[in-house]
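Observations on the three-dimensional arrangement
Spelled out from the first residue to the last, the chains are:
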Amino acid sequence: MTTRLLELNPEYYTIWNYRRLLLRSFFEGAIPSTSNNKNDSTEHGTVQQYITDDLAFLLPLLRKFPKCYWIWNYRLWLLAEAARLLPSPVVYQLWQKELGLVGKMLTLDSRNFHGWGYRRQVVSALEELSVAMGSASASMTEHEFVYTTKMIESNLSNFSAWHRRSKLIPRLLSERNASHAERREFLEKELELVQRALWADPDSKDQSLWFYHQYLISNFKPSCSPQADAIIPDLPDADKLAYLQAQIEDLLEMLDGAETCKWIYQRLLELSLMSKSLNDQWPVASSDLEIWINKLLELDPLRKGRWEDLRKQIFPW
């Protein structure tokens, strides 16, 4: 009955909870309360079959309703029950299959944030199980970083892939035990990657590229040095200023032919403010700053108050 109801309406979360109670009852019937042996093939084979059958039941629902929270939540619950009741090698195989499944789903819909969130949990579970099973190389950071590159190359507008990449970078560099020179080279390659994407369509309204660019340039803020998750935590102010100036020059060149892109003006002002905070001098003429603010007021009138406040910050007199 729950199967029939959920096939009609998977948003009916009460039925998912009732199904959980039913499965818990089945599990208790398959595994006696006095049993503490996870390796009993008869007892746990029955539980494994219940779980794999229910995982299979969810597949057509995920295809039809890929953004339904309750399906994803229930799938995670099934796997948590597997971890509670089944031997680690069996659970590891289940999670490995999930990695393949979510990879296929993201191939079909590369920007499904439910799929990306689920992938993060799958990877975390596989890493934890690898450690528990005594693996010497449990981390999947390198693998996941390569995966984000693949997904970005297939679709530059994949916000989830850019976001995942930004969260992987601090751990990636830490695991590589990267030196200052290696971190600098890494940052420059990432800047080159996002700049190539921005140059491909500078007038694009796609925010994902600009948000990732913002993440990268945050390394040049005065307060960035103490941050452990910075790409280059010990970057001297003189080098920050040089990077900021290079970014400003690149954006000014990009502006030619993309005069209606508000993101360029916004980023130019952000970079100028960062530069001013480092050496108390504006990197461009005040007339340029005035022009950029006026363009933002013209192109983004819904945020008029924000740009007027920015004008007062830049020109307090």
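This text gives an overview of the structure that appears in the document.

Rules used in this analysis
Residues numbered from 1 in each chain as written. Predicted model: local features only at pLDDT ≥ 70, side-chain atom pairs only at ≥ 80, totals over all residues. Heavy atoms only, no water. Helix = DSSP H or I, 4+ residues; strand = E, 2+ residues; numbered from the N terminus. Expected span 1.5 Å × (residues − 1). Polar contact = N/O pair within 3.5 Å; in protein donor to acceptor, adjacent residues only side chain to side chain. Axes fitted to C-alpha atoms, helices over the stretch in contact; angles between N-to-C directions. Parallel < 35°, antiparallel > 145°, perpendicular 65-115°, else oblique. Left-handed = near helix turned anticlockwise from the far one by under 90°. Contact = heavy atoms within 4.5 Å. Nonpolar A, V, L, I, M, F, W, Y, C, P; charged D, E, K, R; others polar. Salt bridge = Lys/Arg side-chain N within 4 Å of Asp/Glu carboxyl O. Buried < 20%, exposed > 50% of the residue type's maximum accessible area, 1.4 Å probe, protein only. Core = buried A, V, L, I, M, F, W, Y, C linked by side-chain atoms within 4.5 Å. Patch = residues over 30% accessible without salt bridge, like charges linked within 9 Å, V, L, I, M, F, W, Y side chains within 5 Å. Areas by Shrake-Rupley, 256 points an atom, 1.4 Å probe, with all protein chains shown as cover. Phe/Tyr/Trp six-rings, centres within 6.5 Å; stacked < 30°, edge-to-face > 60°. Lys NZ or Arg CZ within 6 Å of the ring centre and 35° of its normal.

Here we look at helix H6 (residues 113–132)
The terminal C-alpha atoms of H6, which comprises 20 residues, lie 29 Å apart, in line with the 28 Å expected from a rise of 1.5 Å per residue. At the N-terminal end of H6, a side-chain oxygen is found 2.9 Å from the backbone nitrogen of His114, two or three residues along, and the residue is Asn112. Of the residues trailing H6, Gly134 is marked for its positive phi of about 85°.

A few points about the packing of helix H4 (residues 69–85) against helix H5 (residues 88–108)
Running from amino to carboxyl end, H4 crosses H5 at an angle of 160°, the nearest separation of the two axes being 9 Å. With respect to their mutual orientation, H4 and H5 come out roughly antiparallel. Note that H4 runs across H5; the crossing there is left-handed. The segment H4 lies against H5, with Trp72, Arg75, Leu76, Leu79, Ala82 and Ala83 engaging Val91, Leu94, Trp95, Glu98, Leu101 and Met105. For the contact of H4 with H5, a count of residues per class yields ten nonpolar, no polar and two charged.

Digging into the side chain of Glu190
Checked against the element boundaries, Glu190 lands in helix H9 (residues 180–200). A polar side-chain atom of Glu190 sits 2.8 Å from a polar atom in the side chain of Arg165. Non-local contacts of Glu190, meaning those with residues more than four positions away in its chain, are made with Phe145, Arg165, Ile169, Tyr212 and Leu216.

Here we look at the pattern of salt bridges
Proximity of charged atoms lets side chains of opposite charge pair with each other. Tallied over the full model, the rule gives 20 salt bridges. Of the charged contacts in the structure, one is a salt bridge between Glu144 and Arg164, with a shortest N-O distance of 4.0 Å. With Glu144 in helix H7 (residues 141–154) and Arg164 in helix H8 (residues 159–176), the pair connects residues that are 20 residues apart, well separated along the chain. Residues Glu144 and Arg164 agree in their burial class; the two are buried. Here Asp239 and Arg184 are joined by a salt bridge, their closest N and O atoms 2.7 Å apart. Of this pair, Asp239 sits in helix H11 (residues 237–255) while Arg184 is found in helix H9, placing the two residues 55 residues apart along the sequence. What emerges from the salt-bridge pattern is a single network uniting Arg24, Glu81 and Arg84.

Looking at the side chain of Ser130
Examined against the element boundaries, Ser130 turns out to sit in helix H6. A distance of 2.9 Å separates a polar atom in the side chain of Ser130 from the backbone oxygen of Leu126. Not counting residues within four places of it along the chain, the set of residues in contact with Ser130 comprises Tyr92, Ser135 and Ala138.

Focus: the nonpolar core
Ranked by size, the top nonpolar core spans 95 residues in total, and within it Ile51, Trp95, Phe220 and Ile264 carry the most contacts. Setting aside its immediate chain neighbours within four residues, Trp95 contacts Leu76, Leu79, Gln121, Val122, Ala125, Leu126 and Leu129.

Considering a nonpolar patch on the surface
Where nonpolar side chains cluster on the molecular surface, the patch consists of Tyr13, Tyr69, Trp70 and Phe113 and spans about 450 Å² of accessible area. Mapping Tyr13 onto the fold places it in helix H2 (residues 13–30). When its relative accessible area of 46% is taken as the criterion, Tyr13 is described as partly exposed.

Quick look at the packing of aromatic side chains
By the definition in use, this model includes 14 aromatic pairs. Here Phe220 and Tyr243 contribute two aromatic rings whose centre-to-centre distance is 5.0 Å and whose plane-to-plane angle is 5°, an arrangement assigned as stacked. Remark: Tyr243 occurs in helix H11 and Phe220 occurs in the loop between helix H10 (207–217) and H11; sequence separation between them is 23 residues. Members of the aromatic cluster, joined through ring pairs, are Trp16, Phe57, Tyr74 and Trp77. Directly above the ring of Phe57 sits Arg19, whose terminal nitrogen or CZ lies 4.3 Å from the centroid. The ring of Tyr147 is capped by Arg119, whose NZ or CZ atom sits 3.5 Å from the centre of that ring.

Quick notes on the packing of helix H13 (residues 286–299) against helix H14 (residues 304–314)
Across the interface, H13 lies against H14 with an axial gap of 9 Å and an inter-helix angle of 170°. Classified by the angle between their axes, H13 and H14 sit roughly antiparallel to one another. Across the interface between the two elements, Leu289, Glu290, Ile293, Asn294, Leu296 and Leu297 of H13 pack against Lys304, Trp307, Glu308, Leu310, Arg311 and Ile314 of H14. Each residue belonging to the contact of H13 with H14 can be placed in one class, and the counts come to seven nonpolar, one polar and four charged.

Observations regarding the environment of Glu259
Its location among the elements puts Glu259 in the loop between H11 and helix H12 (262–279). With a relative accessible area of 37%, Glu259 lands in the partly exposed category. Residues Glu259 and Leu6 lie 253 residues apart in sequence; the distance between their C-alpha atoms is 51 Å. What Glu259 contacts, discounting residues up to four positions off in sequence, is Tyr265, Lys295 and Leu299. Here Gly257 takes part through its backbone nitrogen, which lies 3.0 Å from a polar atom of the side chain of Glu259.

Just geometry here; none of it tells us what the structure is for.
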